[in-house]
Every structure is written in C-alpha cells, then in structure tokens.
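Listed below, chain by chain, are the residues.
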Amino acid sequence: MSRIGNKEIALPAGVEVKVDDNNIVTVKGPKGELSEQISPRITVTVEGAEVKVTRATDNRIDRSQHGLARTLINNMVVGVSNGYEKKLIVNGVGYKVEKKGNKLVMNLGYSHPVELEDPEGITTETPDATTILVKGINKAEVGNYAANIRAWRKPEPYKGKGIRYDDEQIRRKEGKTGAVNA
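Residues numbered from 1 in each chain as written. Predicted model: local features only at pLDDT ≥ 70, side-chain atom pairs only at ≥ 80, totals over all residues. Heavy atoms only, no water.

Visitor: Explain the overall build of the protein chain here, please?
Guide: A tally of regular secondary structure across the protein chain gives three helices and 13 strands. Relative to the compact-globule value of 16 Å for 182 residues, the protein chain shows a C-alpha radius of gyration of 22 Å, a clear excess of over 25%. Structurally, the protein chain occupies a C-alpha span of about 75 × 45 × 25 Å along its principal axes. Scored against the burial criterion, the 182 residues of the protein chain give a buried share of 34%. The long-range share in the protein chain, meaning contacts at least 24 apart out of those at least 6 apart in sequence, stands at 50%. Roughly 11400 Å² of accessible area belongs to the protein chain as shown, and the carbon and sulfur atoms make up 47% of that amount. Looking at charge distribution, the protein chain has the averaged site of its 29 positive side-chain charges lying 9 Å from that of its 24 negative ones. (Helix = DSSP H or I, 4+ residues; strand = E, 2+ residues; numbered from the N terminus. Rg over C-alpha atoms; globule rule 2.2 N^0.38 Å. Buried < 20%, exposed > 50% of the residue type's maximum accessible area, 1.4 Å probe, protein only. Contact = heavy atoms within 4.5 Å. Areas by Shrake-Rupley, 256 points an atom, 1.4 Å probe, with all protein chains shown as cover. Lys, Arg positive; Asp, Glu negative; His and termini not counted. Charge placed at Lys NZ, Arg CZ, Asp CG, Glu CD.)

What follows is the structure, given as structure tokens:
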C-alpha cells in the first residue's frame, strides 16, 4: 500500500491538469506549462480540484510506479504555481560570480573564467558576488543545472573552498600536524 500514491493532489487556483489517451499528463499554471509521460499501468483522473492516481494491480512494478507517478504530477503542479529555486554559495579567495546577459560567468581559480549559458526554461540570478540563485518550473532541470554549476568546483574539506548548496554542511578535516620525524 503506497502512502504517497494514495494521497490526492490538491490543485491551487489557476492550475489546470489534462490527461490524454496516451497517459501524458499536462499541467498548465500561471508560471508555464509542463507535461510528463506516465506509465500505462497507472490511471490518472482529475476530479474537480483534485487529481487521483490509482494502480491496476498490486504487483511490485505497479506499486513502485504508483508513488513515482503521484510525485511527478505533484512536482509539476508545484512548479507551475510556485516554481523551484536552488541557492548556491561560492566560497574562496578570489572566487566570484556575475551575470552577463543570459550567461553566468564564474571566476573559480582557473586560468580562465567559466561561462555557462542558461538552459531554456531556467534563469540564474546573482544577488551578490558569492551567491547564485537557479530558478525554474521543472524541479529536475533546476536541480540538474545547480549540480552542473557545483561540479565546476566542489567544496573541499580542508579550507571549505568551492561551490556549495545553501543548506549543505561541509565536514571539515584537520590539516597536517607539522610534526617532523627527525
């Protein structure tokens, strides 16, 4: 019995959900439109201001697809109504970021600045020289782009330099003791 899959998805005002014959769920809202192919083993029904997700049988594959389908649809509803945001912090001497048009320019200690162009549907903002905000309506794309930015300079455990998520805790290690064996 899937506890997540059995929950109904409440639709906020201004959000519309459609399901076609091929089990493609389309969600329209004030921030945009998203669509996702749901497994044919899962039935999605829209009843008033709620979306219900049910499965045909109780076998293992159907149970795993049940919770996944409900979560994907819920993420689309939240995305088109509120949107998603990831905050990254840049820490290190001389490390800084800035926005030039639709490009994110990062100085991360390399011999050249790193330039990343924003993918379609995702925007980045730099409120100050050490903060990056990644915003969009698709949760997976926002998380993936934030991970790609972080991968340019992962935080290291000795000085804490690098790009980290706002809520990420860096486990610090102690350096060498300096004792000399003579």
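Now that the structure has been shown, we can carry on.
Visitor: Before we go on, may I ask you to explain the packing of aromatic side chains in this structure?
Guide: Pairs of aromatic rings are described using the distance from one ring centre to the other and the angle between the two planes. In total, this model carries one aromatic pair according to the counting rule given. Taking 6.3 Å as the distance between ring centres and 75 degrees as the angle between the ring planes, the aromatic pair formed by tyrosine 110 and tryptophan 152 counts as edge-to-face. With tyrosine 110 in the loop between strand S9 (103-107) and strand S10 (114-117) and tryptophan 152 in the loop between helix H3 (139-151) and strand S13 (162-165), the pair connects residues that are 42 residues apart, well separated along the chain. Under the relative-accessibility criterion, tyrosine 110 is labelled partly exposed at 35%. Overall, tryptophan 152 belongs to the partly exposed group, its relative accessible area being 34%. Looking at lysine 86, its charged tip hangs above the ring of tyrosine 165, at a distance of 5.2 Å from the centre. Note that arginine 153 overlies the ring of tyrosine 110, its terminal NZ or CZ placed 4.4 Å from the centroid. (Phe/Tyr/Trp six-rings, centres within 6.5 Å; stacked < 30°, edge-to-face > 60°. Lys NZ or Arg CZ within 6 Å of the ring centre and 35° of its normal.)

Visitor: Would you explain the sheet that holds strand S1 (residues 9-10) in this entry?
Guide: Backbone-to-backbone hydrogen bonds pair the strands of a sheet. The strands run either parallel or antiparallel. Strand order in the open sheet made by the three strands is S1-S6-S5, with antiparallel pairing throughout. Unpaired on one side and paired on the other, S1 and strand S5 (42-47) mark the two borders of the sheet. Sheet topology places S5 next to strand S6 (residues 50-55); six bridges connect them, and they run antiparallel. Each bridged residue has a counterpart across the sheet, and for threonine 43 the counterpart in S6 is threonine 54. Contacts from helix H2 (residues 60-81) reach S1, S5 and S6, with the element oriented near 165 degrees to S6. (Pairing = 2+ DSSP bridges. Axes fitted to C-alpha atoms, helices over the stretch in contact; angles between N-to-C directions.)

Visitor: Looking at this structure, I do not really get the pattern of salt bridges. What am I missing?
Guide: Proximity of charged atoms lets side chains of opposite charge pair with each other. Applying the stated rule across the entire model yields 10 salt bridges. Measuring nitrogen to oxygen at the nearest pair gives 3.3 Å for the salt bridge that ties glutamate 47 to lysine 52. Given the relative accessible area of 42%, glutamate 47 is considered partly exposed. Judged by its relative accessible area of 27%, lysine 52 falls in the partly exposed class. Note that glutamate 115 is salt-bridged to lysine 103, the shortest N-O span being 3.6 Å. Remark: lysine 103 occurs in strand S9 and glutamate 115 occurs in strand S10; sequence separation between them is 12 residues. (Salt bridge = Lys/Arg side-chain N within 4 Å of Asp/Glu carboxyl O.)

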